[in-house]
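Coordinate analysis (summary)
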Amino acid sequence: MTRANLDKQPHEVAEMFDGVAQRYDLTNTVLSFGQDRGWRRATRAALDLEPGERVLDVGAGTGVSTEELGRSGAYAVGADLSTGMLRAGRHTRPTVPLLAGDALALPFPDATFDAVTISFALRNVVDTGAALRELARVTRPGGRLVVCEFSHPTNFTFRTIYLSYLMRSLPAVARRVSSNPDAYVYLAESIQMWPNQRDLATRIQQAGWGAVGWRNLSAGIVALHRATRM
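The structure presented is a predicted model; accordingly, all values stated were derived computationally and were not measured. (Residues numbered from 1 in each chain as written. Predicted model: local features only at pLDDT ≥ 70, side-chain atom pairs only at ≥ 80, totals over all residues. Heavy atoms only, no water.)

**Regarding the sheet that holds strand S7 (residues 222-229)**
Pairing is mixed in the open sheet, where seven strands are placed in the order S3-S2-S1-S4-S5-S7-S6. At either end of the open sheet lies a strand with only one pairing partner, and these are strand S3 (98-100) and strand S6 (209-217). Averaged over all pairs of adjacent strands, the angle between their axes in this sheet comes to 20°, without regard to strand direction. Examined bridge by bridge, strand S1 (residues 54-58) and strand S4 (residues 113-119) share four bridges and lie parallel to one another. Within S4, the residue paired with valine 58 across the bridge is isoleucine 118. Running at roughly 155° to S6, helix H9 (residues 197-206) makes contact with strand S5 (139-150), S6 and S7 of the sheet. (Pairing = 2+ DSSP bridges. Helix = DSSP H or I, 4+ residues; strand = E, 2+ residues; numbered from the N terminus. Axes fitted to C-alpha atoms, helices over the stretch in contact; angles between N-to-C directions. Contact = heavy atoms within 4.5 Å.)

Given below as structure tokens:
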């Protein structure tokens with residue numbers, strides 16, 4: 001799957017990420033100019049985790065984000081659809097709990113977690129609303145959600161430059177550093193098609209979450225949406 005469309009099937013998404021697993025973390029750091037580390041720290045801070053709490057990291061990939069969440073003292077579990085990503089993560093982070101799981105059918109009972117998060121993966125789910133409702137199902141009442149996702153820069157001039165980078169420079173750089181450059185063509189296209197900050201907040205609210213708000217990171221390249229389980 002190299003073209004971004006709204007009919008993404010789970011097996012296609014899993015196969016795509018299997019193909020980039022080998023150098024995924026390095027590629028992300030290069031393409032984001034190292035900003036990915038700060039985005040992970042900001043996600044952990046937004047979740048406001050306490051030692052002993054349980055947090056689920058959906059779309060965890062190789063577990064780099066799960067590892068960051070664990071630095072809070074909370075018990076962090078990562079879930080991902082891609083067995084290739086999980087295999088790479090278990091090799092590099094053997095102490096991080098990682099398991100196979102579909103965002104549309106998570107393998108946990110109701111109200112298992114104090115907090116849930118999904119980073120740079122909600123775009124890849126075929127049914128955004130269903131995924132947000134499933135995240136709510138496994139979260140206790142009063143628990144927190146943080147969605148960390150690519151978004152829309154708010155400054156017109158910067159947005160123009162950024163879109164040029166996405167569609168021209170990013171695929172070229174990916175061809176040098178990624179094990180599957182076509183996946184980054186999909187990445188660029190899917191970012192363009194993704195809802196803006198306000199529209200995503202509306203979708204989160206419609207899925208049953210309350211107290212929805214967001215803040216921009218890196219001038220709106222990324223947005224953190226935070227909500228509370230009703």
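**With respect to helix H8 (residues 182-193)**
Compared with the 16 Å implied by 1.5 Å per residue over 12 residues, the 17 Å span of H8 between its first and last C-alpha is a close match. Listed in full, the buried residues belonging to H8 are Ala183, Tyr184, Tyr186, Leu187, Ala188, Glu189, Ser190 and Ile191. (Expected span 1.5 Å × (residues − 1). Buried < 20%, exposed > 50% of the residue type's maximum accessible area, 1.4 Å probe, protein only.)

**Side note on the environment of alanine 130**
On the secondary structure map, alanine 130 appears in helix H6 (residues 128-137). On the basis of relative accessible area, alanine 130 is assigned to the partly exposed category, the value being 21%. For the pair formed by alanine 130 and alanine 111, sequence separation is 19 residues and the distance between their alpha carbons is 16 Å.

**Topic: empty space enclosed by the protein**
Summed over the entire model, instances satisfying the criterion amount to one cavity of 30 Å³ or more. By volume, the largest cavity amounts to about 60 Å³. Along its surface, the largest cavity is lined by Trp39, Arg40, Thr43, Arg44, Asp57, Ser65, Leu69, Ser119, Phe120 and Cys148. When contributions to the lining of the largest cavity are tallied by element, the ones reaching two or more residues are helix H3 (35-47) and helix H4 (64-70). No other element matches H3, which puts four residues into the lining of the largest cavity. (1 Å grid on protein atoms, 1.4 Å probe; cavity = no way out; pocket = protein on both sides within 12 Å on 5 of 7 lines; lining within 4 Å. Points joined across faces, edges and corners; volume = space filled by probe spheres on them.)

**Focus: the environment of threonine 83**
Relative to the elements of secondary structure, threonine 83 occurs in helix H5 (residues 83-92). On the basis of relative accessible area, threonine 83 is assigned to the partly exposed category, the value being 42%.

**Section: the pairing of S6**
Taken together, the seven bridges between S6 and S7 define a ladder with antiparallel strand orientation. Bridge pairing links arginine 215 to leucine 224 in S7. With antiparallel pairing between neighbouring strands as the criterion, S6 and S7 make up a hairpin whose turn holds four residues, including serine 218 at a positive phi of roughly 50°.

**Observations concerning the packing of aromatic side chains**
How two aromatic rings sit relative to each other is given by the distance of their centres and the angle of their planes. For the coordinates displayed, the defined rule picks out six aromatic pairs. An angle of 50° between the planes, with centres 5.7 Å apart, marks the rings of tryptophan 39 and phenylalanine 120 as tilted. A residue pair is termed long-range when its members are at least 10 positions apart, and tryptophan 39 in helix H3 and phenylalanine 120 in the loop between S4 and H6 qualify at 81 residues. The interplanar angle of 90° and the centroid separation of 6.0 Å between the aromatic rings of tryptophan 39 and phenylalanine 150 together place this pair among those described as edge-to-face. You can see tryptophan 39 sitting in helix H3 and its partner phenylalanine 150 sitting in strand S5, a full 111 residues away along the chain. Here the aromatic residues Trp39, Phe120 and Phe150 are joined through ring pairs into a cluster of three or more. (Phe/Tyr/Trp six-rings, centres within 6.5 Å; stacked < 30°, edge-to-face > 60°.)

**Focus: the pattern of salt bridges**
In this structure the tally under the stated criterion is 11 salt bridges. For arginine 71, the salt bridge goes to glutamate 68, with nearest N and O atoms at 2.7 Å. Of the residues examined, arginine 71 reaches a relative accessible area of 53% and is grouped as exposed. On the accessibility criterion, glutamate 68 (7% relative accessible area) is buried. (Salt bridge = Lys/Arg side-chain N within 4 Å of Asp/Glu carboxyl O.)

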